[in-house]
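Take a look at the letters that make up each chain.
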There are 2 protein chains.
Amino acid sequence: MSDGIRVVVIGAGMSGLAAAAALCRAGARVRVLEARGRVGGRALTRWLPDGTQLDLGAQWIGPTQDRMYALVAEHGLVTFASAAFGASTLLWGGARRPDPPAPVARVLGVLDEYAAAVDPAAPWEAHEAARWDATTLGCWLRATAGDTDTADYLGRLLAGGLLATGADEVSLLHLLFYLRGAGGTGPLLGMAGGAQQDRIVGGPPALAERMAAGLPPGTLRLGAAVHTIAQDAHGVTVCTGSGRVEGDAVVVALAPALAGRIRYDPPLPPLRDGLTQRMPMGSAWKVHAVYPEPFWRADGRSGVSTSSSGPLTETVDNSTPTSPRGVLTGFSYAGDAAALREMSPARRRECVREAFAAVVGPRAADPIALVEYDWSADEWTRGCFGGVLTPGAWRTYGPRLRTPVGRVHWAGTETATRWAGYLEGAVRAGERAAAEVLAS
Amino acid sequence: MSDGIRVVVIGAGMSGLAAAAALCRAGARVRVLEARGRVGGRALTRWLPDGTQLDLGAQWIGPTQDRMYALVAEHGLVTFASAAFGASTLLWGGARRPDPPAPVARVLGVLDEYAAAVDPAAPWEAHEAARWDATTLGCWLRATAGDTDTADYLGRLLAGGLLATGADEVSLLHLLFYLRGAGGTGPLLGMAGGAQQDRIVGGPPALAERMAAGLPPGTLRLGAAVHTIAQDAHGVTVCTGSGRVEGDAVVVALAPALAGRIRYDPPLPPLRDGLTQRMPMGSAWKVHAVYPEPFWRADGRSGVSTSSSGPLTETVDNSTPTSPRGVLTGFSYAGDAAALREMSPARRRECVREAFAAVVGPRAADPIALVEYDWSADEWTRGCFGGVLTPGAWRTYGPRLRTPVGRVHWAGTETATRWAGYLEGAVRAGERAAAEVLAS
């Protein structure tokens, strides 16, 4: 073991932990530096006094996310099915509507067809890449959906629900990359059978904590924000406010926007630095309303909704089988999320309560608790779900997303070719970066 | 004087120096911290052994840039007219063409009309702001220009030539903001009578050096890269690798992309941090070819050109009246610039020589010297001409461009409402930030 290469992993989210575990298994000597006082990155679970589990960040796993299911089992954790009893709700211009307009399914079909032509490891090589990268999703939807309302709804569902951004802030190519890596719109948008099928008892942080506990003693250092990564022919030196760690290689398991805030010596090459300037974090507002019970089920409603307007683009029943409480969770994205952020807390809560009531009725306006967490305000995340390349950036800067820079390797869910943006992508990216280091 | 407020200015480009000068004049006690070993920021002049002046970065001033002309005079410098003798060249698909197609003038007219409806201090308030921010310039040009060639040419001229970015990487609203702040397409695109009318003997760095020399002794500290700005009710503490400076307020005179790489305590609010994630630096490649004389003038050609294709979007005669040498300067932008960056130096030089030859004939293929400088590789600039908000970002994040965060004030040419992106904008923004601090 002591002959193993020395690797510094930056970030103890799922990606960094997966990288560290893989490196340790291969005999490397690993140090994990985490800026926060906890592991888990964009996954954070809070418990109400009555034991109700609230997943404030990443929370779902689903079919084909094989590495996550394997890790959950390996670490002795169990999953439960996401709640979805009854009919889902579609709010169209504020009123319930039984089904989305016909163009919705047609447009989703076109997207799936296009996505099949995209290699998620090299989206810039697609035959139509130039055109798709030059077109914002919003621009394409307005030209394709047939009417403005449908285009707006699909923009909310796809740019918002999948990427936590606005349809006019992202290229069609980026969405196609994302769709392809997950197997299409069906798996991505679905609850049972899709990416939102299961949750973890204890939440994803329970897994992160067990993964951290499985590392050799002394591997993990919390509260260690990295400010500089220096490399030369002999190795790397990673500097934090309280010291430096030397090694043979580094795995940066951070979103590109945050990786770009570290100082590199020598400086990053122009196109890699340019990438970090062009992959802002998505912007979501996730809010949990807790009720004595999931009362909507008695009305035959699932609590799952999407909406063509208003502050919340979608809601889910986020109750757990181990608690009698009902939990509705709402998601707001991009400009809508920014508008909520700008409100007074009282006004925002009122606005959110009204939005929940529109989905499951007036009882929703009176929750026991309303719990928010703003990842955009979190210094070590700065937005969620993840980084999204800006329009036109894939073709020029995309090839630098995973390409190592000397001894510096890049992990983080953004660099995954399967399930980028998800817990699964984080794990796969970490394990890929570990393999890359070991092979180098 | 010793009773004056203490202000820390970060960055000794034109904006930071202008802020420092204004603050000192008002009796403030100022410290200027500059990461580099020189002042001048994105302005840098190199001298050939024979004395020929090559402005590698910012270089021009023109009518209505009153603060720049005043500063030049105040510091005992003089200007000279940019060289433009003879006819300019339009390369269309690689061949010379006497005039641009008719739609070009029409589209520029529409842009000027739209721009007149934009308040450069609040572009997000324009009546059509939502639509213009949701449309990339490329998307709009393809719908408006009538044919693809014209749309592509205008994209190169406007997104490239004015913003050093790609037409598909920027919103129509950002271009309109930029046009309005400068008075329209005429002043922006013109040489004599426009933004490229005059140059400074000695280059803009000569002015920066004199401005720095005019500050009280001990004000400026070079080689002082700031890594943290902390503030509380009592004041600010600015930390560099070699120490800390305390003050009552800070002026951050950096482009937002670089300002976002500093650590703030407390962290920046979400929307301000989000702005720094969404304003990448433009990407230009500027290359100077030096010849024994400006031979093109004898052929009646000005050396000024624009091209609808190829690596160089435009060239100018950058010779100076004090040297017999002829200097042609070429500009490449966005994806074209990235492609040049990716070539071997030998291949790139060949490529550039061919492009110059296409403008002024085969003699251009044999320069005495070819001088490049890549601002995207410069750790303390990371791209030029300046920061450009990504599509869809103005409406949500734009209002945070100038809004102070407690004791932290924002300068830099990106924050100007007149001539943003130019030396003039840098000076105006610095003086505005200084006034803001003094009023607070």
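Residues numbered from 1 in each chain as written. Chains lettered and ligands numbered in written order. Predicted model: local features only at pLDDT ≥ 70, side-chain atom pairs only at ≥ 80, totals over all residues. Heavy atoms only, no water.

Looking at the overall build of chain A
Logical step 1: Scanning chain A for helices and strands turns up 15 helices and 20 strands.
Logical step 2: Its C-alpha atoms give chain A a radius of gyration of 21 Å, near enough to 22 Å, the size a compact globule of 440 residues would have.
Logical step 3: By principal-axis analysis of the C-alpha atoms, chain A measures approximately 65 × 50 × 40 Å.
Logical step 4: Classification of the 440 residues of chain A by burial places 65% in the buried group.
Logical step 5: Put simply, 74% of the contacts in chain A that link residues at least 6 apart link residues at least 24 apart.
Logical step 6: In the form shown here, chain A has an accessible surface area of approximately 15,100 Å², with 54% of it arising from carbon and sulfur atoms. (Helix = DSSP H or I, 4+ residues; strand = E, 2+ residues; numbered from the N terminus. Rg over C-alpha atoms; globule rule 2.2 N^0.38 Å. Buried < 20%, exposed > 50% of the residue type's maximum accessible area, 1.4 Å probe, protein only. Contact = heavy atoms within 4.5 Å. Areas by Shrake-Rupley, 256 points an atom, 1.4 Å probe, with all protein chains shown as cover.)

Re the pattern of salt bridges
Logical step 1: By the definition in use, this model includes 42 salt bridges over all chains.
Logical step 2: One salt bridge connects Glu379(A) with Arg263(B), and the closest N-O pair in it is separated by 2.8 Å. Taken as a pair, Glu379(A) in the loop between β19 (369-373) and α14 (393-397) and Arg263(B) in strand β14 (residues 263-265) lie in two separate chains rather than in one.
Logical step 3: For Arg263(B), a relative accessible area of 39% translates into the label partly exposed. (Salt bridge = Lys/Arg side-chain N within 4 Å of Asp/Glu carboxyl O.)

Digging into the sheet that holds strand β12 (residues 243-247) of chain A
Strands belonging to one sheet form pairs held by backbone hydrogen bonds; the direction of such a pair is parallel or antiparallel.
All names here are of chain A.
Logical step 1: In spatial order, the strands read β12-β11-β10-β14; together these four strands make up an open sheet with mixed pairing. Every interior strand has two partners, whereas the edge strands, β12 and β14 (263-265), have only one. Averaged over all pairs of adjacent strands, the angle between strand axes in this sheet comes to 15 degrees, irrespective of strand direction.
Logical step 2: One ladder, built from three bridges, connects strand β10 (residues 226-232) with β14; its direction is parallel. Counterpart to Ile-229 in the pairing with β14 is Tyr-264. (Pairing = 2+ DSSP bridges. Axes fitted to C-alpha atoms, helices over the stretch in contact; angles between N-to-C directions.)

Overview of the packing of aromatic side chains
Logical step 1: Counted according to the given criterion, the structure contains 30 aromatic pairs over all chains.
Logical step 2: Residues Phe177(B) and Trp394(B) carry aromatic rings whose centres are separated by 4.8 Å and whose planes lie at 55 degrees to one another, so their mutual orientation is tilted. With a gap of 217 residues between them, Phe177(B) in helix α7 (residues 172-182) and Trp394(B) in helix α14 (residues 393-397) connect regions that are remote in the sequence.
Logical step 3: By relative accessible area, which is 3% here, Phe177(B) ends up buried.
Logical step 4: Consider the rings of Tyr373(B) and Trp375(B), whose centres lie 4.7 Å apart with planes at 65 degrees: the pair is edge-to-face.
Logical step 5: Given the relative accessible area of 19%, Tyr373(B) is considered buried.
Logical step 6: By relative accessible area, Trp375(B) is classed as buried at 2%.
Logical step 7: The rings of Trp60(A), Phe331(A), Tyr333(A) and Phe385(A) are connected pair by pair, giving a single aromatic cluster.
Logical step 8: Across the ring face of Trp410(A), the terminal group of Arg272(A) is positioned such that the distance to the ring centre comes to 3.6 Å.
Logical step 9: The residue whose ring lies beneath Arg97(B) is Trp92(B), and the NZ or CZ to ring-centre distance is 5.0 Å. (Phe/Tyr/Trp six-rings, centres within 6.5 Å; stacked < 30°, edge-to-face > 60°. Lys NZ or Arg CZ within 6 Å of the ring centre and 35° of its normal.)

Focus: the relation of the copies chain A and chain B
Logical step 1: It takes a turn of 180 degrees to lay chain A on chain B, together with a shift of 0.0 Å along the axis; the resulting RMSD is 0.0 Å. The transformation relating the two chain copies, once decomposed into turn and shift, fits a two-fold axis. Rotation axis and chain A: the residue whose C-alpha lies nearest the axis is Arg261(A), separated from it by 2.3 Å. (Least-squares fit on C-alpha atoms with pLDDT ≥ 70 in both.)

A look at the UniProt feature "binding site: FAD" (unreviewed entry) in chain A
Residue and element names in this part refer to chain A.
Logical step 1: When the UniProt feature table is mapped onto this chain, "binding site: FAD" (unreviewed entry) is found at Ser-15, Glu-34, Ala-35, Val-226 and Glu-414.
Logical step 2: Here Glu-34 is to be found in the loop between β2 (29-33) and β3 (45-47).
Logical step 3: Glu-34 has contacts with Gly-11, Ala-12, Gly-13, Leu-220, Arg-221, Leu-222, Gly-223 and Ala-224, leaving out every residue within four places of it along the chain.
Logical step 4: Take Glu-414: it is sitting in the loop between β20 (408-410) and α15 (423-439).
Logical step 5: What makes Glu-414 buried here is its relative accessible area of 4%. (UniProt positions renumbered as here; feature names shortened; annotations may be inferred.)

Brief notes about unusual backbone geometry
Logical step 1: For the peptide bond that leads from Asp265(A) to Pro266(A), omega is 0 degrees, which places it in the cis range.
Logical step 2: Take Pro266(A): it is sitting in the loop between β14 and α11 (270-277).
Logical step 3: The peptide bond linking Cys384(B) to Phe385(B) adopts the cis configuration, its omega dihedral lying at 5 degrees.
Logical step 4: Position of Phe385(B) among the secondary structure elements: in the loop between β19 (369-373) and α14.
Logical step 5: Here the phi dihedral of Arg382(A) falls at roughly 65 degrees; this positive angle occurs in a residue that is not glycine.
Logical step 6: On the secondary structure map, Arg382(A) appears in the loop between β19 and α14.

With respect to the domain arrangement of chain A
All names here are of chain A.
Logical step 1: Domain annotation of chain A identifies domain 1 (6-42 + 204-278 + 392-439) and domain 2 (101-189).
Logical step 2: The straight-line distance from the C-alpha centre of domain 1 to that of domain 2 is 29 Å.
Logical step 3: Across the domain 1 to domain 2 interface the summed buried area is about 1,300 Å²; carbon plus sulfur atoms make up 60%.
Logical step 4: Contact with domain 2 buries area across many residues of domain 1, yet Trp-394, Arg-395 and Trp-419 alone supply 48% of it, more than any other trio. (Domains from an automatic or database assignment. Buried area = accessible area lost by both parts, 1.4 Å probe.)

Brief notes about the interface of chain A and chain B
Logical step 1: Taken residue by residue, the interface counts 41 residues in chain A and 41 residues in chain B.
Logical step 2: Summing the contributions of chain A and of chain B, the shared interface buries around 3,300 Å²; its carbon and sulfur component is 48%.
Logical step 3: Three residues, Arg261(A), Gln277(A) and Arg382(A), lead the burial of chain A against chain B; their summed loss comes to 19% of the area buried on that side.
Logical step 4: Our count for the chain A to chain B interface comes out at ten salt bridges.
Logical step 5: A salt bridge links Arg278(A) to Glu169(B); the shortest N-O distance between them is 3.7 Å.
Logical step 6: At the surface where chain A touches chain B, the tally comes to 22 residue pairs in polar contact (both at pLDDT 80 or more).
Logical step 7: Those elements that provide at least two residues to the side of chain A that touches chain B are α5 (137-144), β14, α11, α12 (334-342) and α14 of chain A.
Logical step 8: Ranked by residue count, the leading element in the side of chain A that touches chain B is α11(A), at five residues. (Polar contact = N/O pair within 3.5 Å; in protein donor to acceptor, adjacent residues only side chain to side chain.)

Looking at α11(A)
Logical step 1: Counted residue by residue, α11(A) has eight buried out of eight residues, so it is predominantly covered.
Logical step 2: Where α11(A) is concerned, the buried positions are Pro270(A), Leu271(A), Arg272(A), Asp273(A), Gly274(A), Leu275(A), Thr276(A) and Gln277(A).
Logical step 3: In the core, the buried residues of α11(A) are packed alongside α10 (256-259), α14 and β20 of chain A together with α10 (256-259), α11 (270-277) and α12 (334-342) of chain B.

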